[in-house]
Amino acid sequence: MNGIQVDINHLKKGEVSLGTSIMAVTFKDGVILGADSRTTMGSYIANRVTDKLTRVHDKIWCCRSGSAADTQAVADIVQYHLEVYTSQYGIPSTRTAASVFQSLCYENKDFLSAGIIVAGFDDKSEKGEVYSIPLGGSIHKQPYAIAGSGSAFIYGYCDKNYKPDMTKDETVEFMKHSLSQAIKWDGSSGGVIRLVVLTKSGVERLIFYPEDYENL
Amino acid sequence: MTSIGTGYDLSNSVFSPDGRNFQVEYAVKAVENGATSVGIKCDDGVVFAVEKIISSKLLVPKRNVKIQTIDRHIGCVYSGLIPDGRYLVNRGREEASNFKKLYTKPIPVSALADRISQYVQAYTLYNSVRPFGISAIIGGIDEDGSHLYMVEPSGTCWGYKGAATGKGRQAAKAELEKLFDRSTDGLSVKDAIKEAARVIYIAHEDNKEKDFELEISWCSATETNGLHKFVPENLLEEAIEYAKEQLEGYEEGDSDDEAASSDEEPATGDADGDVAME
Amino acid sequence: MNHDPFAWGRPDDATYGRYNEKIAYASNQPTTNTTQPIVTGTSVLAMKYKGGVVIAADNLASYGSLLRFNGIERLIKVGQNTVVGVSGDVSDMQHIERLLEEIETDNNYDNTYSESFEQLQPSYVFKYLSAVMYSRRSKMNPLWNAIIVAGVENGAPFMRYVNLLGVTYTSPTLATGFGAHLANPLMRRVVDREEDVANTTREAAVETIKNCMKVLYYRDARSAKSYSLAVIDCETGVSLEHGIEVDNMVWGFAKDIKGYGTQKV
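Here is a short report on the structure shown in this document. (Residues numbered from 1 in each chain as written. Chains lettered and ligands numbered in written order. Predicted model: local features only at pLDDT ≥ 70, side-chain atom pairs only at ≥ 80, totals over all residues. Heavy atoms only, no water.)

1. Re the overall build of chain C
Then, number 1: Per the secondary structure count, chain C includes six helices and 13 strands.
Then, number 2: For 265 residues, the compact-globule estimate of 2.2 N^0.38 gives 18 Å, and chain C exceeds it by more than 25% at 24 Å.
Then, number 3: The C-alpha extent of chain C, read off along each of the three principal axes, is 90 × 65 × 30 Å.
Then, number 4: Taken over 265 residues, chain C has a buried fraction of 45%.
Then, number 5: Intrachain contacts of chain C at a sequence separation of at least 6 include 62% that bridge at least 24 residues.
Then, number 6: Distance between charge centres in chain C, computed from 26 positive and 30 negative side chains, equals 10 Å. (Helix = DSSP H or I, 4+ residues; strand = E, 2+ residues; numbered from the N terminus. Rg over C-alpha atoms; globule rule 2.2 N^0.38 Å. Buried < 20%, exposed > 50% of the residue type's maximum accessible area, 1.4 Å probe, protein only. Contact = heavy atoms within 4.5 Å. Lys, Arg positive; Asp, Glu negative; His and termini not counted. Charge placed at Lys NZ, Arg CZ, Asp CG, Glu CD.)

2. Some remarks on the interface of chain A and chain C
Then, number 1: Of the residues lining the interface, 21 residues belong to chain A; the matching set on chain C comes to 25 residues.
Then, number 2: For the pair chain A and chain C, the summed buried surface comes to about 1,700 Å²; carbon and sulfur atoms form 49% of the total.
Then, number 3: Where chain A packs against chain C, one counts two salt bridges.
Then, number 4: Here Lys109 of chain A makes a salt bridge to Asp92 of chain C, at a shortest N to O gap of 3.5 Å. (Buried area = accessible area lost by both parts, 1.4 Å probe. Salt bridge = Lys/Arg side-chain N within 4 Å of Asp/Glu carboxyl O.)

3. Observations regarding the packing of aromatic side chains
Then, number 1: For the structure shown, the criterion picks out 19 aromatic pairs over all chains.
Then, number 2: Here Tyr85 of chain A and Tyr103 of chain B contribute two aromatic rings whose centre-to-centre distance is 4.8 Å and whose plane-to-plane angle is 75°, an arrangement assigned as edge-to-face. Highlighted residues: Tyr85 of chain A in helix 2 (residues 68-89) and Tyr103 of chain B in helix 2 (residues 82-103), drawn from two different chains.
Then, number 3: Among the residues examined, Tyr103 of chain B registers a relative accessible area of 7% and is labelled buried.
Then, number 4: Linked through ring pairs, Tyr85 and Tyr89 of chain A together with Phe99 and Tyr103 of chain B together constitute an aromatic cluster.
Then, number 5: Here the guanidinium or amino end of Lys194 of chain B rests over the ring plane of Tyr242 of chain B, the centre of that ring lying 5.6 Å away.
Then, number 6: A cation over an aromatic ring shows up here: Arg68 of chain C above the ring of Tyr63 of chain C, its NZ or CZ 4.9 Å from the ring centre. (Phe/Tyr/Trp six-rings, centres within 6.5 Å; stacked < 30°, edge-to-face > 60°. Lys NZ or Arg CZ within 6 Å of the ring centre and 35° of its normal.)

4. Structural notes on the interface of chain C and chain B
Then, number 1: Between chain C and chain B, the contact holds nine residues from the first and 14 residues from the second.
Then, number 2: Looking at the side of chain C facing chain B, the largest losses of area belong to Thr105, Tyr109 and Asp110 of chain C, adding up to 44% of the total buried there.
Then, number 3: Where chain C touches chain B, the interface holds two salt bridges.
Then, number 4: The shortest N-O distance in the salt bridge between Lys100 of chain B and Glu101 of chain C comes to 3.5 Å.
Then, number 5: Counting across the interface, chain C meets chain B through three residue pairs in polar contact (both at pLDDT 80 or more). (Polar contact = N/O pair within 3.5 Å; in protein donor to acceptor, adjacent residues only side chain to side chain.)

5. Examining the pairing of strand 9 (residues 127-133) of chain A
Residues and elements named next belong to chain A.
Then, number 1: Most of strand 9 sits out of view: five of its seven residues are buried.
Then, number 2: Pairing of strand 8 (residues 114-122) with strand 9, which is carried by seven bridges, proceeds in the antiparallel orientation. From the neighbouring strand, Ile117 faces strand 9, where its bridge partner is Ser132.
Then, number 3: The turn joining strand 8 and strand 9, which pair antiparallel and follow one another in sequence, is formed by four residues; a positive phi near 55° is taken by Glu126.
Then, number 4: The pairing of strand 9 with strand 10 (residues 140-142) spans three bridges and is antiparallel. Residue pairing in the sheet places Tyr131 in a bridge with Lys141 of strand 10.
Then, number 5: A loop of six residues connects strand 9 with strand 10, the two strands running antiparallel in sequence, and Gly137 in this loop sits at a positive phi of about 95°. (Pairing = 2+ DSSP bridges.)

6. Points about the packing of helix 2 of chain B against helix 3 (residues 109-122) of chain B
Residue and element names in this part refer to chain B.
Then, number 1: Contact geometry of helix 2 with helix 3 gives a least axis separation of 10 Å together with a crossing angle of 135°. In terms of orientation, helix 2 lies oblique with respect to helix 3. Every pair of crossing elements has a handedness; the one defined by helix 2 and helix 3 is right-handed. For the pair helix 2 and helix 3, contact is made by Tyr87, Leu88, Arg91, Gly92, Glu95, Ala96 and Phe99 and by Leu112, Arg115, Ile116, Tyr119 and Val120, respectively. (Axes fitted to C-alpha atoms, helices over the stretch in contact; angles between N-to-C directions. Parallel < 35°, antiparallel > 145°, perpendicular 65-115°, else oblique. Left-handed = near helix turned anticlockwise from the far one by under 90°.)

7. A short note on the sheet that holds strand 12 (residues 226-233) of chain C
Residue and element names in this part refer to chain C.
Then, number 1: With antiparallel pairing, the five strands of this open sheet are ordered in space as 11-2-3-12-13. In the strand order of this sheet, the two ends are held by strand 11 (173-175) and strand 13 (237-245), each with one partner. Pairs of neighbouring strands in the sheet enclose a mean axial angle of 15°, with direction left out of account.
Then, number 2: As paired strands, strand 2 (residues 44-49) and strand 11 are joined by three bridges and run antiparallel to one another. In the strand pairing of strand 11, Met47 is matched with Thr173.
Then, number 3: Contacting strand 2, strand 3 (52-58), strand 12 and strand 13, helix 6 (residues 202-219) crosses the sheet at an angle of about 160° to strand 2.

8. Considerations on the pattern of salt bridges
Then, number 1: Per the stated rule, a full pass over the model turns up 34 salt bridges over all chains.
Then, number 2: For Arg74 of chain C, the salt bridge identified is with Asp58 of chain C, shortest N-O distance 2.8 Å. Taken together, the residues Arg74 of chain C in the loop between strand 5 (66-70) and strand 6 (75-78) and Asp58 of chain C in strand 3 connect sequence positions 16 residues apart.
Then, number 3: In this structure Asp58 of chain C comes out as buried when scored by relative accessible area, which is 2%.
Then, number 4: Three or more residues are tied together by salt bridges with common partners; here these are Glu175, Lys178, Glu195 and Arg198 of chain B.

9. A closer look at the environment of Asp9 of chain B
All names here are of chain B.
Then, number 1: Assignment of secondary structure puts Asp9 in the segment before helix 1 (22-32).
Then, number 2: In sequence terms Asp9 and Phe22 are 13 residues apart; their C-alpha atoms lie 4.9 Å from each other.
Then, number 3: Leave out the neighbours within four places in its chain, and Asp9 touches Phe22, Gln23 and Tyr26.

Okay, here's the thing in structure tokens:
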């Protein structure tokens, strides 16, 4: 490295980023995570079928927004931590997973651009939980969370239409409508809508194509 | 001890030809000379009790505290070299604090006992250190209920319903076994306080010429809100009264039962202290 | 002689000290730490009265101009008679919360009297926090907050301010952020000097703070309707109420305001 000058900030600007619409919603039987599938470098769509919903434990998943490289690295480290945790102390709670995310995001806040939603289903209490970890590395437990650039356009819609303890079908409809609006108004969001449903019965993936959600 | 070390006892990290680590066995000896400690596990909590021999009349009564708190929900009492115990407790506190920092939840008792025992075990491996001269009884409450463990100088760590260590352990263990035989439909922490006091008083019988002070702490979901605390003054007084009362009965009734407190001991520590393994 | 070929021809360590490799590998950019708060909480207000302190902060965490998280708590109870109010970066506030929990745990170690006369006092909590704030600013890595520690100690009210620069001060009324401009003058109408504290009742202080929270809600664009209010009283200890709403707002006069000057319709 000696003699080679690297301007990290210049490199960072060109980085692949998840200018995103992501959300996670608790409901009667658990929790559902949702995301669009667009990844951009500036205004070029680097990947139009991205999977932004990432497993860190069997029933603890996260939605990633911000730098793709940063959030993948953080998710990988958390997955490692939870694997070790499981072998030593048993299945971690969603809170525990979220606080590992939080520690990493807080301690390295100057080097990361990562906005993460952690959502999980706890088999013991049979409850879904959602934690939002925005840019600075604070942590916020919420009944539902939205994040990413597209979320700015759906704060009003979600606030008006979210109800606690919805059924699975109601929740899927709510998320489809929300993400559809986010994608419609945010240039950095697009592609398909991916959902991951976490309940007692396990993990289920759903996918909705533009023709499914564009004209709801 | 039946054999002397013949050169193999000078260093940790060297086995004797018959596969023993003499330094660890000598550490067990230090424990066996220590004041008696007892731990009792109930459904809703744990109780710790320790005998404090009054080595000088100049000591301020009640101010020289022996039982320690590792985390808010975990207590610890030990017999043997007291400074070794204090050092180990400090290590335990670090472990508990680190766990909480990363996972934002209190460390489970089992995890703490495991980490402490691994630390103790490491002190049997290197010739630059000596093993810990203590047996530590560690217990508390976590999300899975109450737990009680005992860590020995070798690094052995077992879970117990009732644990005893120190000079009076044989008598104490015998009493604890009888106690658990009697209380088949569970034991409340409040009763366990009294019983712990009684066990310490009985264990002290062989050491009668020395005065002692009794210290009791508890950690209970119902009584202390899951926190490890010393028992209130009135409960302690009540327990001591009960113990003294029972002791009179014990001296008259069970005098032929003294085999339990015989001096003879197996040389290896492995039968030591385990009363009714969990 | 140093046999490492990379050391040949270089000044002798024994004479000149070890070479500082950081100089060779230094980046052409300066290192920066936290340069701005991201998720933030707005003003904290506090004032003394005869026999105690009132402190309040709203329940909002903003993300720029987005009022992102409602229902958070920015008043932290420490020990039996201290409340710490935090404004500024929320991730740093949560870090401070963890630090406070740690000192509370540490204070319970081997302290049989941790619940009576050897418990944490507001002045101890303040000393600790101001040391943390100053040491972080000296490392050029500040905790981006302004903090008010409020409580009662030795039968008298205690109140002191510290911020990200490590600056500390006290006064019978204290406020951070917007509150320093808008609420302080209002509170000083009730307690201007230390002598006025003795003539101020708990009720008067609570009323003043509530009024200030209303004014801040009118005028601070990053404030919320819902707030927490704590009273720390020498006799009754701490009472912390979460989710109080600003009330008795006056909006009716708006209907008479037409245009911006001479317009009449």
